[in-house]
Amino acid sequence: MNSAPILFLTLAALIVVLAGFAVLGRRQFASVIGFVAFGLLLALVWMILSAPDVALTEAAVGGGVTGALLLGACARWRGYASDTQPSVSTRVVAAGLCAAVSAGLIVVVLSLPSPAPTLAPAARESLLATGMGNAVTAVLMAYRALDTMLEKVVLLLALVAVWSLGRDSSWGGRPDFSFPIEKNGPLIFLAKVLIPVGTLVGINLFWVGADKPGGAFAGGALIAAMGLLALFAGVLRPPSIGNFRLRFALVAGIVAFLLVGFLGFVWADDFLAYPHDMAKPIIVVIEVAMTLSIAFTLVMLVVGPAGRKS
Amino acid sequence: MMTWLFNIFTIVMISFGALFFLAGTAGLLRFPDTLSRLHALTKADNLGLGLIILGLLPQIDWPFGALKLGLVWVLVLLTGSAASQIVGRKVHEEKNS
């Protein structure tokens, strides 16, 4: 066990170096790759800190989906790169703000009382009432369900913001998302083999979330990755953003949350309160809808606004 | 006695795996062109990870833990080789044009 501190310090140093590489890198593409590696190492750190739920989400969202979003942004950026460098004053202000936030975080973390205040025992105590075996899922879906619902609203707002970047004339059309695809190329082979496996793993991640690390976000992100692979390989085309079924899938999670929320007044006298012995099945219903919404929202975020009317 | 043997097996296999990762990384950094760098990289992915997973097999619950580890290896092989193919073909295209 003696070598553990050396391992942790090496890992921490590597993460700082990667962060610097991502921020200071001269080339966008290299910076994004640095950022993805940074996310994966961060997931490893969460794992070492015994927070596998956070680790899974960090790997899926921080490393995976955000990486895909940034790569998409890089690809769109090409062609205007040279004359759109932010001015020196903008950069100084951005650097100052980032430094202030970092300094604030450092102060807060260092001034935490030791041992840090924790609600973990309280969260564990009422675990039985929620029907969950995983305290993290219980926090997300029962104790702080309202926060989780609002998180989904934020995700949807982000998608609305992306969609509003398209031209008025192409509103409701299909996002431009096509690549030159080789017939029988390796990407199509990968899509055919990996998508069924990955989708199953995604569903499994969501399902075991009740009792073990996992849950709607990690599962949804993995399913989204499989959807993106299908789009990249040209096996599927992105749906028109006006497509009614797509829009239903996008709001399904919030609708399920609101429905259960208002039904809470009927069966338990409060918004988003679950009736006593029905908590688990209701949570599963919300989570199914949420996984669906998360997967579709993430895919649509990456493919971007509508390009042409079809 | 058996656990002893298993532990030695694990240590040996994981050390060999780590060696392949080290060699692969050195190759990635030192080799002159994209294709030979790909060659170095796949050694780490295929053999290095394969040996590490082989070494972990005696330490994990049978059969499902072992199956999961095996699946991880197969999936990395699959994605790694597909990605190498894509990069390799791109290099080939650029050479010919």
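Since the model is a prediction, treat every value here as computed from it, not as a measurement.

A.B. asks: Looking at this structure, I do not really get the layout of surface pockets. What am I missing?
C.D. replies: It is a probe the size of a water molecule, rolled over the atoms, that shows where empty space is left. All names here are of chain A. In this model, the second largest pocket occupies a volume close to 920 Å³. If you go around the second largest pocket, you meet 21 residues; those closest to its centre are Ala22, Val23, Gly25, Gln28 and Ser31. Residue assignment for the lining of the second largest pocket shows that the elements contributing at least two residues are α1 (4-24), α2 (28-48), α3 (52-77) and α4 (88-110). Split by domain, the residues of the lining of the second largest pocket number at least three in each of domain 1 (1-80) and domain 2 (86-117).

A.B. asks: I'm lost on the pattern of salt bridges in this one. Help?
C.D. replies: Close approach of charged atoms lets side chains of opposite charge pair. All names here are of chain A. Scanning the model with the defined rule gives one salt bridge over all chains in all. Lys152 serves as the salt-bridge partner of Glu151, at 3.3 Å between the closest nitrogen and oxygen. With relative accessibility at 5%, the residue Lys152 sits in the buried group.

A.B. asks: Please explain the side chain of Thr291(A) as it appears in this structure.
C.D. replies: Residues and elements named next belong to chain A. Within the secondary structure, Thr291 is located in helix α12 (residues 279-303). The buried category is assigned to Thr291, whose relative accessible area is 5%. The residues contacting Thr291, other than those within four sequence positions of it, are Phe206, Ala216, Gly219, Gly220 and Ile223.

A.B. asks: Is there a simple way to think about α4(A) in this case?
C.D. replies: An α-helix turns once every 3.6 residues. As a result, residues three or four positions apart point the same way. A rise of 1.5 Å per residue sets the reference length of α4(A), with its 23 residues, at 33 Å; its end C-alpha atoms lie 32 Å apart and thus fit the reference within 8%. For α4(A), the buried fraction is low: zero of the 23 residues fall into the buried class.

A.B. asks: Would you explain the domain arrangement of chain A in this entry?
C.D. replies: Interfaces are often described in size by the accessible area the parts lose on coming together. Domain boundaries assigned for chain A yield domain 1 (1-80), domain 2 (86-117) and domain 3 (118-310). Distance from the C-alpha centre of domain 2 of chain A to the C-alpha centre of domain 3 of chain A: 31 Å.

A.B. asks: It is not clear to me how unusual backbone geometry should be interpreted in this structure. Could you clarify?
C.D. replies: Negative phi is the rule for most residues except glycine; trans is the rule for most peptide bonds. Of note, the amide linkage connecting Trp62(B) to Pro63(B) takes the cis form, showing an omega dihedral of -10°. Structurally, Pro63(B) can be placed in the loop between α2 (34-56) and α3 (64-96). Of note, Ser50(A) is a non-glycine position whose phi angle comes to about 55°, a positive value. With respect to the helices, strands and loops of the structure, Ser50(A) is situated in the loop between α2 and α3. Ser50(A) sits in the exposed class, given a relative accessible area of 62%.

Parameters and conventions
Residues numbered from 1 in each chain as written. Chains lettered and ligands numbered in written order. Predicted model: local features only at pLDDT ≥ 70, side-chain atom pairs only at ≥ 80, totals over all residues. Heavy atoms only, no water. 1 Å grid on protein atoms, 1.4 Å probe; cavity = no way out; pocket = protein on both sides within 12 Å on 5 of 7 lines; lining within 4 Å. Points joined across faces, edges and corners; volume = space filled by probe spheres on them. Helix = DSSP H or I, 4+ residues; strand = E, 2+ residues; numbered from the N terminus. Domains from an automatic or database assignment. Salt bridge = Lys/Arg side-chain N within 4 Å of Asp/Glu carboxyl O. Buried < 20%, exposed > 50% of the residue type's maximum accessible area, 1.4 Å probe, protein only. Contact = heavy atoms within 4.5 Å. Expected span 1.5 Å × (residues − 1).

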